[in-house]
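# Observations on the model geometry
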Amino acid sequence: MSEEKLTLSVDEMAAMLGISRPVAYELSKKEGFPAIRVSERRIIIPVESLKRWLVKQAEGF
């Protein structure tokens, strides 16, 4: 049984999107980006929210 992850770490998001770690952290702080700060040092990104955000960004071009 394969369980799909509900959230990604910033490092996982960077790898998935093919961007550098510093750019991923900068993106996670951008207004409107679906990042959740769960502690001072931990940020998670809901997978479905990230997908919706990507589509919305692509439609803006």
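Structure first, text after, so check above.
Reading the values: the criteria
Residues numbered from 1 in each chain as written. Predicted model: local features only at pLDDT ≥ 70, side-chain atom pairs only at ≥ 80, totals over all residues. Heavy atoms only, no water. Helix = DSSP H or I, 4+ residues; strand = E, 2+ residues; numbered from the N terminus. Buried < 20%, exposed > 50% of the residue type's maximum accessible area, 1.4 Å probe, protein only. Contact = heavy atoms within 4.5 Å. Areas by Shrake-Rupley, 256 points an atom, 1.4 Å probe, with all protein chains shown as cover. Lys, Arg positive; Asp, Glu negative; His and termini not counted. Charge placed at Lys NZ, Arg CZ, Asp CG, Glu CD. Salt bridge = Lys/Arg side-chain N within 4 Å of Asp/Glu carboxyl O. Core = buried A, V, L, I, M, F, W, Y, C linked by side-chain atoms within 4.5 Å. Phe/Tyr/Trp six-rings, centres within 6.5 Å; stacked < 30°, edge-to-face > 60°. Expected span 1.5 Å × (residues − 1). Arc of directions from axis to C-beta.

Bringing the overall build of the protein into the picture now. When helices and strands are tallied, the protein shows three helices and three strands. Listing each helix as α and each strand as β along the protein from the N terminus yields β-α-α-β-β-α. In terms of principal-axis extent, the alpha carbons of the protein reach across some 35 × 30 × 20 Å. Counting every position in the protein, which comprises 61 residues, the buried fraction comes to 28%. For the protein, restricting intrachain contacts to residue pairs at least 6 apart in sequence, the fraction spanning at least 24 positions comes to 40%. For the protein, the exposed area adds up to about 4,900 Å²; of that, 54% sits on carbon and sulfur atoms. Of the charged side chains in the protein, 10 are positive and 9 negative; the average position of the first set lies 4 Å away from that of the second.

When the charged atoms of two side chains lie near each other, side chains of opposite charge can form a pair. Summed over all chains, the structure comprises three salt bridges. A salt bridge links Lys51 to Glu48; the shortest N-O distance between them is 3.5 Å. Residue Lys51 and its partner Glu48 are both found in helix 3 (residues 47–59); the two are separated by three residues, about one turn of the helix. Lys51 sits in the partly exposed class, given a relative accessible area of 42%.

This part takes up the nonpolar core. In terms of nonpolar packing, the biggest core is built from 12 residues, these being Leu8, Val10, Met13, Ala14, Ala24, Leu27, Phe33, Ile43, Ile45, Val47, Leu50 and Trp53. At the level of elements, helix 1 (10–17), helix 2 (21–28), strand 3 (42–46) and helix 3 are the ones that each hand at least two residues to this core. Apart from residues no more than four positions distant in its own chain, Trp53 is found in contact with Leu27, Gly32, Phe33 and Pro34.

The subject of this paragraph is the packing of aromatic side chains. Tallied over the full model, the rule gives one aromatic pair. Taken together, a centroid distance of 4.8 Å and an interplanar angle of 80° make the contact between Phe33 and Trp53 edge-to-face. Linking Phe33 in the loop between helix 2 and strand 2 (36–39) with Trp53 in helix 3, this pair joins segments that are 20 residues apart in sequence. For the pair shown, Phe33 and Trp53 are each scored as buried.

Take helix 3 next. Here helix 3 contains 13 residues, and its C-alpha end-to-end distance of 19 Å stays within 8% of the 18 Å for a straight helix at 1.5 Å per residue. Here helix 3 has its buried residues at Val47, Leu50 and Trp53. Taken around the axis of helix 3, the buried residues stretch over an arc of 120°, which confines them to a single face. Pointing more than 90 degrees away from the buried face of helix 3 are the exposed residues Arg52, Lys56 and Glu59. Buried residues belonging to helix 3 abut strand 1 (7–9), helix 1, helix 2 and strand 3.

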